[in-house]
Amino acid sequence: MARSKVAIVLCLDVGFTMSSSAPDEESSLEQAKKVMTKFVQRQVFAESKDEVAVVLFGTDGTRNDLASRDQYQNITVHRSLMLPDFDLLEDIQDGIKPGSEQADFLDAIIVCMDLLQKQTVGKKYEKRHIELFTDLGSTVSEDQLEIIIANLKKTGISLQFFLPFPVDVDDEGGDTSASVHSHIHRNPFPRKGLTEQQKEGIDVVRKLMHTLDEEGGLEEVYTFRESLERLSMFKKIERRPMAWPCQLTIGSNLSIRIVAYKSVTEEKVKKVWTTVDAKTLRKDDVQKETVYCLNDDDETEVQKDDTIQGFRYGSDIVPFSKEDEEQMKYKTEAKCFSVLGFSRSSQIQRHCYMGNHVLKVFAAKDDENAAVAFSALVHALDELKVVAVVRYAYDRRSNPQIGAAFPYIKDSYEISKSAGTKGRSSQHLKLLFKLICRVWKTCLIYVQLPYMEDLRQYIFSSLKNNKKCIPTADQLSAVDSLIDSMNLVYEADDGETFEDLFKPSKIPNPHFQRLYQCLQHKAFHPNEPLPPIEEHLLEMLEMPSVVKERCQGPLEKIKALFPLKEVVKKKDKTTAQDIFKDSEDGLNPKKPRIEDEEGSFSIMKLAEGNVTSVGSVNPAEDFRILVRQKNADFKDVSQQLINHIDQFLENKGSQYYMKGINCIRVFREEAVKLSKVQCFNAFLQALKSKVEDKALADFWEIMMQDRISLITEDEAKESSVTSEEAEKFLAPKEKKNEILPPTDEGGDVDDLLDMM
């Protein structure tokens, strides 16, 4: 249900006592204007629908509907009820000037009540409220105090006071428990600093607020300093809860009416940036025009209707029109929340939670049958410790999601269930059960789960197998102590009272706060640089001081047990001979150059550019770059590399063989890292058959010397090849014994002499 708007009157004392102050001190009027500015800023940036009016008393002139010859003088309605905006902020800062007169603050309250009564007629307001800022320095008459109290109660108008000092400042050893808001940040305001008029004003305020609320009346009296601290945060934008009605279906026969609300969702900055002329600051003075041109010498202009969107598929562009895109979209019949099955809650891992919002699902309102069925489902899930796996589609235009629906039941309502069923008839229990189901806080909490493509699988070497990474008992103990000392939950001595020292749900987004601060500053001071970040923003995400002090000892122990030493890496000198050695020396088949060596430098790396396919110049390095790119298709890229390996074998020659060997070596390394073992092993088996068919024994001899074989299960868990099988794979097939024709022994001698 949408929050109704509130009508607020800011009533400010501008009399001459408000503008007087001691040297090097800020006047009460300036402090009050700061509080009002902070309040209006919060309303503006929160996009609040509340309406704000401003009434000033102590002004040189008079402008209000109740004014007569000697009644309600020096009181001015400065602004009628309307939405707060930057004009109001600017008016508070620069438009409100101190007056030279004084006025009774009780008369100002009556004018504010009259304004609220007249300007809210025929409109719906949840609340009407008066905020009065004064130093109580003006004379006050209690003649109409009882009438004011009676009318405030009758009309439901609430009242708050904002003063430069707490109302209990003149108490000597009295009970200060009523001033709850003021005792934490109490102003050092001595009793002798108050005038007799101010002391009389405090008595009137006490009498007024105690009569309106006997227990908590003085809790609505604040100091300027305390108010600034409370209002230093811009409040969040109020969102209307949007109900999502649907049918929860289980199979084809069971359907329960439900309604869902967003419980958690990422809040984003409402970007209303627009391009304006730098001199006139007008949007209309800037016109945008988009022109489409061909990528030719003449930049031939084409019409928008002659263009079509394309999808890059490898190195090709696949045309894809708007009609194709519409036909491609997944079409659902309607919104849905269908249970596909159930799973143990332990099977749904926390790291698999995804999506940008969480839904709370309830039974439909005013539907007893739905409440009973829904409550039974939630309780069954909770007792069996299972969750419902759900297919969720927001509407027929949305792509379906797979998610988990967790049961949630408030404990307090479970107590009422067990307590209310003793000694009652079955009929009575049935009626009572329906009644309880209607008010029980039972719901399902829906969280989106990932599809296969959403998962990221990474394989890292085990720390347990590396002896250098095994910590000692002292090191483990030190880390345990550090974790204990940094516990953000404070437990009292009784062992039952807990307190969160760091509450993320109570911390506003610093990005929003800083943005609003800068926007507000630029609105009033467009030519000045932005102000520094406010201290409270910097302190928000700092470690709590209690925790910071507590962890100092364990941190020192950590430093001693985990010493850090700076390792200076020696820089290898690169000479011109190293850069140009490829072109001078040529390719050496006996000493293949490793092109992916860290720290190496070559002209090829300078000209590498953006690699889009495996080239013939440096296929191994191209392959390595491509397979490490995001969303790379390993199978497609490896096929490109295999094609080049086949070309090298067709050409025959030691330099081509070495290029092919280098490609195979890189292929094998990346297959192990990226868990593509089967792809490489299948290639190597096919390569061996090809080598045997084409009589490339010399090439396979190099493979045997370099021990390049199948990836074994010792290297990657995805492989099923043992070390023995890998060794056997490298061995060439034994040739069948063939009867050879007799040879002329002399011929060999002649050939040898010729060679000599």
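Model, not experiment: these values are computed from the prediction. (Residues numbered from 1 in each chain as written. Predicted model: local features only at pLDDT ≥ 70, side-chain atom pairs only at ≥ 80, totals over all residues. Heavy atoms only, no water.)

Across its full length, the chain carries 26 helices and 19 strands. The proportion of buried residues among the 756 residues of the chain is 35%. Of the accessible surface of the chain, which amounts to about 50000 Å², a share of 51% is contributed by carbon and sulfur atoms. (Helix = DSSP H or I, 4+ residues; strand = E, 2+ residues; numbered from the N terminus. Buried < 20%, exposed > 50% of the residue type's maximum accessible area, 1.4 Å probe, protein only. Areas by Shrake-Rupley, 256 points an atom, 1.4 Å probe, with all protein chains shown as cover.)

For Asp114, the position within the fold is in helix α4 (residues 105-119). The residues touching Asp114, leaving out its near neighbours within four places in the chain, are Asp65 and Leu66. (Contact = heavy atoms within 4.5 Å.)

Our focus in this paragraph is the sheet that holds strand β15 (residues 386-393). Within a sheet, each strand pairs with its neighbour through backbone hydrogen bonds, oriented either parallel or antiparallel. Taken in spatial order, the seven strands close into a barrel running β7-β8-β14-β17-β16-β15-β13, and their pairing is mixed. With direction set aside, neighbouring strand axes in the sheet form an average angle of 40°. In this structure, strand β14 (residues 354-363) lies alongside strand β17 (residues 442-448), joined through four bridges in antiparallel fashion. Bridged to Met354 within β17 is Gln448. Of the strands in this sheet, β7 (244-250), β8 (254-265), β13 (336-344), β14, β15, β16 (401-409) and β17 touch helix α9 (residues 368-384), which is tilted by about 65° from β17. (Pairing = 2+ DSSP bridges. Axes fitted to C-alpha atoms, helices over the stretch in contact; angles between N-to-C directions.)

For the rest of this paragraph, the subject is helix α3 (residues 86-95). Those residues of α3 that sit buried are Leu88, Leu89 and Ile92. What you see down the axis of α3 is that its buried residues fit within an arc of 105°, all on one side. (Arc of directions from axis to C-beta.)

This next bit is on the packing of helix α22 (residues 654-673) against helix α24 (residues 697-705). A pair of packed helices is captured by two measures, namely the crossing angle of their axes and the spacing between those axes. Contact pair α22 / α24: the axes reach a minimum separation of 11 Å and the direction vectors enclose 45°. Classified by the interaxial angle, the pair formed by α22 and α24 is oblique. As α22 runs across α24, the sense of the crossing is right-handed. Packed against α22, whose contacting residues are Tyr657, Met658, Ile661 and Ile664, the element α24 presents Asp698, Phe699, Ile702 and Met703 at the interface. Residue classes in the contact of α22 with α24 are distributed as seven nonpolar, no polar and one charged. (Parallel < 35°, antiparallel > 145°, perpendicular 65-115°, else oblique. Left-handed = near helix turned anticlockwise from the far one by under 90°. Nonpolar A, V, L, I, M, F, W, Y, C, P; charged D, E, K, R; others polar.)

Before going further, it helps to spend a moment on the sheet that holds strand β4 (residues 127-133). Read across the sheet, six strands follow the order β3-β2-β1-β4-β5-β6 without closing on themselves; strand pairing throughout is mixed. Looking at the sheet topology across the chains shown, the edges are occupied by β3 (75-82) and β6 (221-223). Along the sheet, successive strands turn relative to each other by an average axial angle of 15°, direction set aside. With seven bridges connecting them, strand β1 (residues 6-13) and strand β2 (residues 51-57) associate as parallel partners. Its bridge partner lying in β2, Ile8 is registered against Val52.

For the rest of this paragraph, the subject is a nonpolar patch on the surface. Taken together, the side chains of Phe311, Tyr313 and Val318 present a nonpolar region at the surface, about 350 Å² in accessible area. Summarising the element assignment, Tyr313 is placed in strand β11 (residues 310-313). (Patch = residues over 30% accessible without salt bridge, like charges linked within 9 Å, V, L, I, M, F, W, Y side chains within 5 Å. Salt bridge = Lys/Arg side-chain N within 4 Å of Asp/Glu carboxyl O.)

Turning to the nonpolar core, a few remarks are in order. One finds Val55, Phe105, Ile109, Phe161 and Leu208 to be the most contacted residues of the largest nonpolar core, which totals 44 residues. If you tally residues by element for this core, the top one is α4, at 10 residues. Setting aside residues no more than four positions away along its own chain, Val55 makes contact with Val9, Leu10, Cys11, Leu12, Ile75, Thr76, Val77, His78, Val111, Cys112 and Leu115. Counting 40 residues, the second largest nonpolar core, distinct from the first, contains Val614, Tyr657, Trp700 and Leu730. (Core = buried A, V, L, I, M, F, W, Y, C linked by side-chain atoms within 4.5 Å.)

It is worth spelling out the pattern of salt bridges at this point. Scanning the entire structure with this criterion turns up 18 salt bridges. With its nearest N and O atoms 3.9 Å apart, the salt bridge here joins Glu196 to Lys199. In this pair, Glu196 and Lys199 are both assigned in helix α6 (residues 196-212), three residues apart and thus about one turn of the helix distant. Accessibility expressed as a relative area gives 62% for Glu196, which makes it exposed. Judged by relative accessible area, which is 19%, Lys199 ranks as buried. Residue Arg257 pairs with Asp367 through a salt bridge whose shortest N-O separation is 2.9 Å. Here the residue Arg257 occupies a position in strand β8, and Asp367 occupies one in the loop between β14 and α9, the gap between them amounting to 110 residues. According to the relative accessible area criterion, Arg257 is partly exposed, its value standing at 41%. Classification of Asp367 by relative accessible area gives buried; the value is 17%. Among the ionic contacts, a cluster of salt bridges with common partners joins Glu621, Arg624, Arg628, Glu669 and Glu670.

If you trace the backbone, Ile110 turns up in helix α4. Taking C-alpha positions, Ile110 is 9.5 Å from Leu152, a pair spaced 42 residues apart along the chain. Leave out the neighbours within four places in its chain, and Ile110 touches Leu66, Tyr72, Gln144 and Ile148.

Next up on the list: the packing of aromatic side chains. All told, the structure shown has 20 aromatic pairs when counted by the stated rule. Judged by centre distance (6.2 Å) and plane angle (15°), the ring pair of Trp244 and Tyr394 falls under stacked. Here Trp244, found in strand β7, pairs with Tyr394, found in the loop between β15 and β16; they are 150 residues apart in sequence, far enough to count as distant. Note on Tyr394: relative accessible area 45%, which makes it partly exposed. Taking 6.1 Å as the distance between ring centres and 55° as the angle between the ring planes, the aromatic pair formed by Phe680 and Phe683 counts as tilted. Pair noted here: Phe680 and Phe683 are both in helix α23 (residues 677-693), with a separation of three residues, about one helical turn. There is no split in this pair, since Phe680 and Phe683 are both buried. Among the aromatic residues, those joined into a ring-pair cluster are Trp244, Phe337, Tyr392, Tyr394 and Tyr446. In this arrangement the basic side chain of Lys688 is found over the ring face of Phe729, its NZ or CZ atom lying 4.7 Å from the centre. (Phe/Tyr/Trp six-rings, centres within 6.5 Å; stacked < 30°, edge-to-face > 60°. Lys NZ or Arg CZ within 6 Å of the ring centre and 35° of its normal.)

A separate point is α24. Those residues of α24 lying buried are Phe699, Trp700, Ile702 and Met703. The buried residues of α24 occupy an angular sector of 150° when the element is viewed end-on, so they sit on one face. Those residues of α24 that are exposed and angled more than 90 degrees off the buried face are Ala697 and Gln705. On its buried side, α24 packs onto α21 (634-651), α22, α23 and α25 (723-730).

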